[in-house]
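Topology and contacts: notes
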Amino acid sequence: MSAVMAMDRLDAARVASVLARVVENRPRVQCLTNTVAQNITANMLLAFGAIPSMAIHVDEVAAMAEGAGAILINIGTINAESELAIPKLLEVARERGKPLVFDPVFVELSPLRQHIAREVLRLPNLVVRGNATEMTALAFDLASAEGVTRVTTGKVDRIESGAASFSVAHGHPLMTKVTGVGCAAGALIAACCAVEKDPAIAAAAALTAYGIAGEIAAERSRGPGSFAVELVDALAGIDEATLAQRMAG
Ligand SMILES: Nc1ncnc2c1ncn2[C@@H]1O[C@H](COP(=O)(O)OP(=O)(O)OP(=O)(O)O)[C@@H](O)[C@H]1O
Ligand SMILES: Cc1ncsc1CCO
Ligand SMILES: [Mg+2]
């Protein structure tokens, strides 16, 4: 099956180039994420060659974000304090022009999440990564968000920005049986955004590598538990030859 296609086509060398820049530059990704996904997100970033920082205190997130290569905001377990940290992160992103990936977890389920999402979407040049339900719930707001890159994950990932669109058909259904796999995808996209100025290329590269890691992990695992472990190992082992072989398939 063709793996990455659409207006622009990413080949294995292009994906490998983004991954190599992550390994070389070791960008730190400041993650304000949910309590369920913190651990898998941090481990996935390390396997990818990036550095996780998971600071959440309202009085330090700005300082933590200032030296980071990119910022992730995920509202999966938003609470009264982490809600206050979000504007601090948005301010750093705006003032420093730092890449920011937003994951609107369960935005379709609560008015609070919708309110927060609308505030975050005021930031220009965001990358928004969600599943189809979340992205559909935000479709109206996304349509007017300035410079946004929309990343809808699922069996086929779709990446759309003003300049480019890609679809990535890698992955495995076991990726939906381990909590936080989608949340960690947002962090990997952020790591790529730290080293690749085109956010659509960054997202396509991250999701191609992650999907191929998912395919390899599925071959090596016995169910969701061992799959989670194998996914970290497979991501750590991705190289250009593996990408070329799987992308040609
Ligand atoms: N049916 C599928 N087949 C192959 N890959 C899939 C499938 N569904 C999701 N994926 C992959 O799993 C990863 C996570 O995407 P998904 O859309 O499941 O996130 P999510 O629903 O936000 O997950 P969570 O919130 O539990 O972290 C993506 O890299 C995506 O490509
Ligand atoms: C299960 C769950 N609940 C809130 S966040 C989260 C992780 C997957 O998004
Ligand atoms: Mg999710």
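Residues numbered from 1 in each chain as written. Chains lettered and ligands numbered in written order. Predicted model: local features only at pLDDT ≥ 70, side-chain atom pairs only at ≥ 80, totals over all residues. Heavy atoms only, no water.

**Points about the packing of helix H9 (residues 199-220) against helix H10 (residues 224-236)**
At their nearest, the axes of H9 and H10 sit 8 Å apart, and the two run at 130° to each other. Accordingly, the angle class assigned to the pair H9 and H10 is oblique. Considering the relative orientation of H9 and H10, their crossing is right-handed. When H9 is examined against H10, the residues Ala209, Tyr210, Ala213, Gly214, Ile216, Ala217, Ala218 and Arg220 are found in contact with a partner set consisting of Phe227, Glu230, Leu231, Ala234 and Leu235. For the contact of H9 with H10, the class distribution of residues is 10 nonpolar, 1 polar and 2 charged. (Axes fitted to C-alpha atoms, helices over the stretch in contact; angles between N-to-C directions. Helix = DSSP H or I, 4+ residues; strand = E, 2+ residues; numbered from the N terminus. Parallel < 35°, antiparallel > 145°, perpendicular 65-115°, else oblique. Left-handed = near helix turned anticlockwise from the far one by under 90°. Contact = heavy atoms within 4.5 Å. Nonpolar A, V, L, I, M, F, W, Y, C, P; charged D, E, K, R; others polar.)

**Section: the site of ligand 2**
Taken together, Asn34, Val36, Gly76, Thr77, Val105, Phe106, Thr179 and Cys183 make up the full set of residues near ligand 2. Here ligand 2 loses 70% of its free accessible area of 280 Å² to cover by the protein chains. Residue classes in the shell around ligand 2 are distributed as 4 nonpolar, 4 polar and no charged. (Near = heavy atom within 4 Å. Areas by Shrake-Rupley, 256 points an atom, 1.4 Å probe, with all protein chains shown as cover.)

**A short note on H9**
Over its 22 residues, H9 extends 31 Å from the first C-alpha to the last, a length consistent with the 32 Å expected when each residue adds 1.5 Å. Within H9, 19 of the 22 residues are buried, which leaves it mostly tucked inside the rest of the structure. The distance from a side-chain oxygen at the start of H9 to the backbone nitrogen of Ala200 is 2.9 Å, and the residue carrying that oxygen is Asp198. (Expected span 1.5 Å × (residues − 1). Buried < 20%, exposed > 50% of the residue type's maximum accessible area, 1.4 Å probe, protein only. Polar contact = N/O pair within 3.5 Å; in protein donor to acceptor, adjacent residues only side chain to side chain.)

All quantities given are derived from atomic positions and should not be read as evidence of function.
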